[in-house]
Amino acid sequence: MVKIMKRKSSMMVGATYFLAFLLGIETGGLQYSVLKMANEFQLNSAKMGSIVSVYFFATMISPLITGALSDRIGKKKVMTSALCVFISGCIVASTATGIAGLYVGVFIMGLAFAAMESSSTAALSDYSPEKSGKYINIMQSVLSAGCLVSPIIMKSLMEMAGFSWRALFIICIILAVISLMLIIPSEFKVELQEIGLYECGNKCMPRVELYMILMTLCIAIYLFTENGITYFADLFISVELDSPETATYALTLFWAAMTISRFVSGVMYKQEDLIIKLCFGITAILLVCISFIENAYVALFIYFLMGITCAPIWPITAGKLNRRYKEHTGLITGLVLIAGGVGGTVSPYITGMICDVAGMTIAFIVLAVAAGVGVAIIFICSIQKYNKIK
C-alpha cells in the first residue's frame, strides 16, 4: 500500500520554471555555438552534426533509468542529482582541448539534461494532472525564452567581449548552482513507500498501447525535424544564402516565436488536438517553401513562422501521454525523452551528411517529409480515436 502526500507548492513550480530557463540557455547556446566549435576543431558538416548526435544519444539513454526512478524515489532527488552531473559535464566541455573531450562533456550534459527535463515535466504533471498540458506548455515557453536570449548573449560575449564558445558552459554552471538553491528548499509531491513495495494504481507498469507507440513516434519525428531546422540554421544562412551577418537572427526569431507560441497554446490547451495537427502540417509546408528561398530575410521570416508551428508539438504530446498514464508520469516522460533522443540523435548526423552531399535545400525536403509523416500519424490517432482516455 502506497501512501501519497500531496504538497502543492508555488515555489516548486517557480523552481521548475527556472530550471527550464537553464535548459533553454544551454540548448540555444549549443545551437549557436556548434558551428564555432566545428571551426575551432576543423570539422565538416557531418562531424559538426556528430557533436549534437552525441549529446542527444545521451538524452536517449538517461531516461531509461531516471524516468521510472523518479516515480520511486521522487522527482526532487532526481533533479538535484542531475544538476550536479550537469555541472560536471559543463566543466569537462569548457576545458576540452580536442573533439574527444568535447564529446565527453556534451555526453555528460545530455545525460543530465534528459533527467532534469523528464523529472521536472513529471513534477508539473503531478502538481496538477488535469491541467498538465497548460503547465507543461508554460514550462516549455520558459525554456524557449532561454533559447531565445542565449544566442544573443553568446554573440555579445564573443564579438564584444572576446569570449569563446566556452563561455556558454560557465554561464550554465552559474545558473545550475542557482537552480539547486531554488529546488532544494521546495516541496514536491512525495511518494511514501512501505516495506519497499511500489504500486501505481493496480499495476507497476503502464499497458503498452498503439496510442503510446504512435505518440512517442511523433516525439521522435518532431525532434528529428526541429534539430535539422535549428542546428543548421547558421550554416544555411551563412553559407548557402551567403549572409553571415543575418545568421544569428534565425535562431533568435525561431525561439522568440517558440516562446510566444508555447505560452498561447498553453492558454488554449483545450484546443490541443486541432493545434497539433495544424502545427505538424504547416511546418511541413514551410520546410518545402524554405528549400526554394534564396533571400536571407525571407528565410528569417520563415524561421519565425516555423518557431510558431513547432512550439506546441512537444508539450502537447507529452501532456496527452501524461494524462492518459497519470500514475506513471516519471516513466512516461522518460519515454518521451527517449523517443526525442532517438530523433535528436539521428537528425544532426543525417542532415549534416545530406548537406555535404547535396546541400541544405535537399535536407529541408527530407525534413518536410518527416513532418508530413507526423501529420499522418496524428490523423491516424484521431480517426481511430486512440487519443480518447479510457
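Located above this text is the structure these notes cover.
Read on for an overview of the structure. Residue numbers restart at each chain and count upward from 1, following the sequence in its written direction. With pLDDT at 70 or above as the cut-off, local features in this predicted model cover only qualifying residues; side-chain atom pairs require 80 or more to be listed or tallied, and sums for whole chains, interfaces and linings still use all residues. Only hydrogens and water are set aside when side-chain values are computed; all heavy atoms of the structure are taken into account.

**What to know about the overall build of the protein**
Then comes step 1: What the protein contains, in helices and strands, is 15 helices and 2 strands.
Then comes step 2: The cut-offs for exposure are 20% and 50% of the maximum accessible area for each residue type, with area from a 1.4 Å probe on protein chains only; residues under the lower value are buried, those over the upper are exposed, and the others partly exposed. Residue burial in the protein is summarised as follows: out of 390 residues, 60% are buried.
Then comes step 3: By definition, residues are in contact when any of their heavy atoms lie within 4.5 Å. When contacts within the protein are restricted to residue pairs at least 6 apart in sequence, long-range pairs at least 24 apart make up 85% of them.
Then comes step 4: Carbon and sulfur atoms make up 69% of the accessible area of the protein, which amounts to about 15400 Å² in all. A run of H or I in DSSP becomes a helix once it reaches four residues, and a run of E becomes a strand once it reaches two; helices and strands are each numbered from the N terminus. The accessible surface values rely on the Shrake-Rupley method and a 1.4 Å probe; as for residues, cover is taken only from the protein chains in view.

**Thoughts on a nonpolar patch on the surface**
Then comes step 1: Any residue with relative accessible area above 30% and no salt bridge may belong to a patch, with like charges joined within 9 Å and the nonpolar Val, Leu, Ile, Met, Phe, Trp and Tyr side chains within 5 Å. Counted as salt bridges are all cases of a side-chain nitrogen of Lys or Arg within 4 Å of a carboxyl oxygen of Asp or Glu. On the surface, Met11, Ile170, Ile174, Ile178 and Leu182 cluster together into a nonpolar patch covering about 400 Å² of accessible area.
Then comes step 2: Look at Leu182 and you get partly exposed, because its relative accessible area is 30%.

**Section: the packing of helix 4 (residues 75–94) against helix 5 (residues 99–127)**
The geometry of a pair of packed helices is captured by two quantities: the angle between their axes and the separation between those axes.
Then comes step 1: At a closest axis distance of 8 Å, the pairing of helix 4 and helix 5 adopts a crossing angle of 160°. Taken as axis vectors, helix 4 and helix 5 run roughly antiparallel relative to one another. When the axes of helix 4 and helix 5 are compared, the crossing they make is left-handed.
Then comes step 2: Its residues assigned to classes, the contact of helix 4 with helix 5 comprises 18 nonpolar, 6 polar and 2 charged. For helices, the fitted line uses only the C-alpha atoms of the stretch in contact; every axis is such a line through C-alpha atoms, and the angle between N-to-C directions lies from 0 to 180 degrees. Every angle not falling under 35 degrees, over 145, or within 65 to 115 is termed oblique; those three ranges are roughly parallel, roughly antiparallel and roughly perpendicular. Two helices crossing with the near one rotated counterclockwise from the far one by less than a right angle form a left-handed crossing, whereas a clockwise rotation gives a right-handed crossing. In this classification, Asp, Glu, Lys and Arg are treated as charged, Ala, Val, Leu, Ile, Met, Phe, Trp, Tyr, Cys and Pro as nonpolar, and every other residue, Gly included, as polar.

**Structural notes on the pattern of salt bridges**
Then comes step 1: Counted according to the given criterion, the structure contains 4 salt bridges.
Then comes step 2: The salt bridge partner of Asp234 is Lys36, with a shortest N-O separation of 2.9 Å. One end of the pair, Asp234, is in helix 9 (residues 233–240); the other, Lys36, is in helix 1 (residues 10–41), with 198 residues separating them in the sequence.
Then comes step 3: For Asp273, the salt bridge goes to Lys320, with nearest N and O atoms at 2.6 Å.

**Some details on the packing of helix 8 (residues 210–230) against helix 10 (residues 244–267)**
Then comes step 1: It is the contact of helix 8 with helix 10, at a shortest axis distance of 11 Å, that shows an interaxial angle of 140°. Between helix 8 and helix 10, the residues in contact are Tyr222, Glu226, Ile229 and Thr230 and Leu251, Phe254, Trp255, Met258 and Arg262, respectively.
Then comes step 2: Each residue belonging to the contact of helix 8 with helix 10 can be placed in one class, and the counts come to 6 nonpolar, 1 polar and 2 charged.

**Considering the side chain of Thr216**
Then comes step 1: Mapped onto the fold, Thr216 is located in helix 8.
Then comes step 2: Residue Thr216 is classed as buried on the basis of its relative accessible area of 12%.
Then comes step 3: A 3.5 Å cut-off defines polar contacts: any pair of N or O atoms within that distance qualifies, except that in protein one atom must be a possible hydrogen donor and the other a possible acceptor, and neighbouring residues in sequence count only when both atoms are side-chain atoms. In this structure the side chain of Thr216 is engaged in a polar contact, spanning 2.8 Å, whose partner is the backbone oxygen of Met212.
Then comes step 4: Every residue in contact with Thr216, bar those within four places of it in the chain, is listed here: Leu321, Leu335 and Ala339.

**A look at the state of the cysteines**
Then comes step 1: Disulfides are defined as pairs of cysteine sulfur atoms found within 2.5 Å of each other. With the rule as written, the count across this model stands at 0 disulfides.
Then comes step 2: Cys310 takes part in no disulfide bond, and the closest cysteine sulfur, belonging to Cys279, lies 8.1 Å away.
Then comes step 3: On the basis of relative accessible area, Cys310 is assigned to the buried category, the value being 2%.

**Things to note about the environment of Phe292**
Then comes step 1: Position of Phe292 relative to the elements: it lies in the loop between helix 11 (272–290) and helix 12 (296–310).
Then comes step 2: A relative accessible area of 63% means that Phe292 is categorised as exposed.
Then comes step 3: Between the C-alpha atoms of Phe292 and Phe364, which are 72 residues apart in sequence, the distance is 9.5 Å.

**Some thoughts on unusual backbone geometry**
Then comes step 1: In this structure, Gln42 is a non-glycine residue whose phi angle is positive, near 55°.
Then comes step 2: Along the chain, the position of Gln42 falls in the loop between helix 1 and helix 2 (45–61).
Then comes step 3: On the accessibility criterion, Gln42 (73% relative accessible area) is exposed.
Then comes step 4: For Asp242, which is not a glycine, the phi torsion comes out positive at approximately 55°.
Then comes step 5: By the secondary structure assignment, Asp242 is in the loop between helix 9 and helix 10.

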